[in-house]
Amino acid sequence: MKGFNARGVLAIYRFEMARALRTIWQSLAAPVITTSLYFVVFGGALGSRIQTVDGTDYGAFIVPGLIMLSLLQQSISNGSIGIYFPKFTGTVFELLSAPISSMEMVLGYVGAAATKSMVIGLVILATASFFVDLNIHHPWAVALFLLLTSFAFSLFGFILGIWAKSFEQLNFVPVLVVTPLTFLGGAFYSIDMLPQPWRTVSLFNPVVYLVSGFRWSFFDKGDVDIAISLGFTTGFLAVCLTIIAIIFRTGWRLKN
Amino acid sequence: MDSILSIRGVGKTYSSGHRALESVDLDIARGEIFALLGPNGAGKTTLISIICGIVTPSTGTILVDGHDARHDPREARMRIGLVPQETSVDMFETVWSTVRFSRGLFGKKMDKAYCEQLLKDLTLWDKRDAQIRELSGGMKRRVLIAKALSHEPDILFLDEPTAGVDVSLRRDMWKLVSGLRSRGTTIILTTHYIEEAEEMADRVGVIDKGRLLLVDEKSALMKQLGKREMTLTLQEPLSALPAELAEWNVDLQDEGHRIRYTFDAQAEHTGIPSLLRKLGDLGIGFKDLETEKSSLEDIFVDLVENDR
């Protein structure tokens, strides 16, 4: 489509943000409470035994992983619900008949989903700073990873929302794939602490690269090289963008 | 004809192999009200969905006010508003915000005065801050109409507008449609109620099994509607019509067992008494007489039956 329907993008963005604002306390209270619980359990119980990892206090060490955990979950769920719900209720007809291009639609939905995730990420960061002293080495890298991860996984969620034909399918990937991968992705430990062959196996877990890169931004130390982490994150974003472009060109699961 | 919508060779075969629409050609004149009439599953909704961009056509082209719907979809779609058959609305949104959303989605700057008037016309203004789930079914339908009109489209599609709708909404719908028409909006509605087509439309198209069987002015159809038939079952079969009956429009049917007389019911003199007198004079006796009105429904049923 020629031109750019900025008002259309803004309409979708505002619509999605308004949906989040209606349940603002629930949206924010949940991550704050969960994070606090993680600190009590992991930081308190395990921290007294582990104390430091790679010279970083264990309580601080788990902060990037914790944020990443919520970021992935929130991005996927926000991104998928945004488009799944119109499909489910039938209101998607309006989106499909509107003078709005696929990329404008993605910008509106994914932009809103990513915004929500980033806000939650920052709220968790703020909560964490009540429990531990955080000395962030590369604030810009923190911001960049926050942004890239939120967008990439909101986009991934969006694809999931288009693919899903039922609520079960919608929950399948986040619960059975992403959450286990996050827990096994070095959110609460350094993969260097693992015995072989698990250390090598872990390198096939994509979440390892996200957590490692994010942790590098905080402490200047990661499990894998920062360039690889960054490359992986942008690569994932590019793959999701490509899939989205193909979906819209073919109308897959959206149009007959 | 100054056509605002031009459809050429549009067909649709679903991936299941079901052929929902054969090659349809149709022109819609600017400012007219066009009724697409057909039984359930005839392809009405498929055709509308294709024009609105919800379903991808297998063949054919569509021009909306000169803009190709495939190559220039933004220009084409901006001109179209669609009120779907199902009441699919965002239950948790308020009336006002959902109308504002629709207008924005179609790329139009917010115009509070216009939206206010729109909601007032649809008697939704008092409910503007209510969540849509709190509204009755009829009110939800009004919300859908408000959404479709929010971006001031040139063409409005109403898919089965009065299916399952109460009398007051039906009346309001008529009023709304005539109001829109006087402002120059082109309206295309689908229906399987013939009265609806008769009441509202300038032209009627009959569609069945994915084929457009007939497109005609409603008045031309009404003229056919005015035709009546009288059938006389004779006591003795005739081998040929007597020459004395030539001045009436009669023909012999059923191997001479029946005489059929076709006449204009709206004419001052139907010719029935004189025909019956003449038959008496000729000594042609009959044992049964029946008259029949050919309505739009008959025309419709005829077309659809012949098609099967």
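Residues numbered from 1 in each chain as written. Chains lettered and ligands numbered in written order. Predicted model: local features only at pLDDT ≥ 70, side-chain atom pairs only at ≥ 80, totals over all residues. Heavy atoms only, no water.

Asks: Looking at this structure, I do not really get the interface of chain B and chain A. What am I missing?
Replies: Note on interface size: it is often stated as the accessible area lost on association of the parts. Taken together, the contact pairs 31 residues of chain B with 27 residues of chain A. Between chain B and chain A the total buried area reaches about 2,700 Å² when both faces are included, carbon and sulfur atoms providing 58% of it. Inspection of the chain B/chain A interface yields 3 salt bridges. For Arg 74 of chain B, the salt bridge is made with Glu 104 of chain A, and the minimal N-O distance between the two is 2.9 Å. The interface formed by chain B and chain A holds 11 residue pairs in polar contact (both at pLDDT 80 or more) in total. Looking at the side of chain B that touches chain A, the elements with two or more residues in it are α2 (73–78), α3 (95–105) and α5 (137–149) of chain B. The leading source of residues in the side of chain B that touches chain A is α3 of chain B, at 5 residues. Residues belonging to the side of chain B that touches chain A are distributed by class as follows: 14 nonpolar, 7 polar and 10 charged. (Contact = heavy atoms within 4.5 Å. Buried area = accessible area lost by both parts, 1.4 Å probe. Salt bridge = Lys/Arg side-chain N within 4 Å of Asp/Glu carboxyl O. Polar contact = N/O pair within 3.5 Å; in protein donor to acceptor, adjacent residues only side chain to side chain. Helix = DSSP H or I, 4+ residues; strand = E, 2+ residues; numbered from the N terminus. Nonpolar A, V, L, I, M, F, W, Y, C, P; charged D, E, K, R; others polar.)

Asks: Teacher, can you tell me more about the sheet that holds strand β2 (residues 19–29) of chain B here?
Replies: All names here are of chain B. Within the open sheet, the 4 strands sit side by side as β2-β1-β4-β5. Their pairing is antiparallel. A single partner strand is all that each edge strand has here, and the edge strands are β2 and β5 (67–68). Relative to strand β4 (residues 59–64), strand β1 (residues 3–13) is paired through 5 bridges, and the arrangement is antiparallel. The residue of β4 that forms the bridge with Arg 8 is Thr 61. Sheet contacts for helix α1 (residues 44–52): β1, β2 and β4; angle to β1, the most-contacted strand, approximately 115°. (Pairing = 2+ DSSP bridges. Axes fitted to C-alpha atoms, helices over the stretch in contact; angles between N-to-C directions.)

Asks: Whenever I open this one, the layout of surface pockets confuses me. Can you help?
Replies: In this approach a probe as big as a water molecule rolls over the atoms, and the regions it shows empty are the leftover space. Residues and elements named next belong to chain A. There is about 1,200 Å³ of room inside the largest pocket. Considering the residues around the largest pocket, the lining is formed by 48 residues, among which Arg 19, Thr 23, Ser 77, Asn 78 and Lys 116 are closest to the centre. Per element, the largest residue contribution to the lining of the largest pocket is 13 residues, and it comes from helix α4 (residues 63–89). Of the residues that constitute the lining of the largest pocket, the class distribution is 25 nonpolar, 16 polar and 7 charged. (1 Å grid on protein atoms, 1.4 Å probe; cavity = no way out; pocket = protein on both sides within 12 Å on 5 of 7 lines; lining within 4 Å. Points joined across faces, edges and corners; volume = space filled by probe spheres on them.)

Asks: Is there a simple way to explain the packing of aromatic side chains in this structure?
Replies: Within this structure, the stated rule accounts for 18 aromatic pairs over all chains. Between Tyr 109 of chain A and Phe 158 of chain A, the aromatic rings sit 6.0 Å apart at their centres with planes inclined by 40°, giving tilted as the arrangement. Pair noted here: Tyr 109 of chain A is in helix α6 (residues 102–131) and Phe 158 of chain A is in helix α7 (residues 139–163), with a separation of 49 residues, a long-range link. Relative to Phe 219 of chain A, the ring of Phe 218 of chain A lies with its centre 5.9 Å away and its plane at 50°, an arrangement referred to as tilted. Each member of the pair, Phe 218 of chain A together with Phe 219 of chain A, is buried. Positioned above the aromatic ring of Phe 61 of chain A is the side chain of Arg 215 of chain A, whose terminal nitrogen or guanidinium carbon lies 3.7 Å from the ring centre. Positioned above the aromatic ring of Trp 125 of chain B is the side chain of Arg 128 of chain B, whose terminal nitrogen or guanidinium carbon lies 4.1 Å from the ring centre. (Phe/Tyr/Trp six-rings, centres within 6.5 Å; stacked < 30°, edge-to-face > 60°. Buried < 20%, exposed > 50% of the residue type's maximum accessible area, 1.4 Å probe, protein only. Lys NZ or Arg CZ within 6 Å of the ring centre and 35° of its normal.)

Asks: I tried to follow unusual backbone geometry on my own but got confused; where do I start?
Replies: What is expected of a backbone is that most residues other than glycine have negative phi and most peptide bonds are trans. In this model, Gln 196 of chain A is joined to Pro 197 of chain A through a cis peptide bond whose omega is 0°. Of note, Pro 197 of chain A is situated in the loop between α8 (167–183) and α9 (198–202). Positive phi is not limited to glycine here, since Thr 123 of chain B has a value of about 50°. Inspection of the secondary structure assignment puts Thr 123 of chain B in the loop between α4 (112–121) and α5. When its relative accessible area of 44% is taken as the criterion, Thr 123 of chain B is described as partly exposed. Here Asp 254 of chain B, not a glycine, exhibits a phi torsion of approximately 55°, which is positive. Take Asp 254 of chain B: it is sitting in the loop between β12 (250–253) and β13 (258–264).

Asks: Any chance you could explain the sheet that holds strand β8 (residues 186–191) of chain B here in plain terms?
Replies: Hydrogen bonds along the backbone pair up the strands of a sheet, which may run parallel or antiparallel. Residues and elements named next belong to chain B. Here we have 6 strands laid out as an open sheet, ordered β6-β7-β8-β3-β9-β10, and mixed in their pairing. Because the sheet does not close on itself, it has two edges, and the strands there are β6 (80–83) and β10 (211–217). The mean angle between the axes of side-by-side strands here comes to 15°, regardless of whether they run parallel or antiparallel. One ladder, built from 4 bridges, connects β6 with strand β7 (residues 155–159); its direction is parallel. Of the residues in β7, the one forming a bridge with Leu 82 is Phe 157. Relative to β6, α5 is tilted by about 170°, and along the sheet it contacts β6 and β7. On top of the sheet, helix α6 (residues 167–182) reaches β3 (33–37), β7 and β8; it is set at about 150° to β8, its chief contact.

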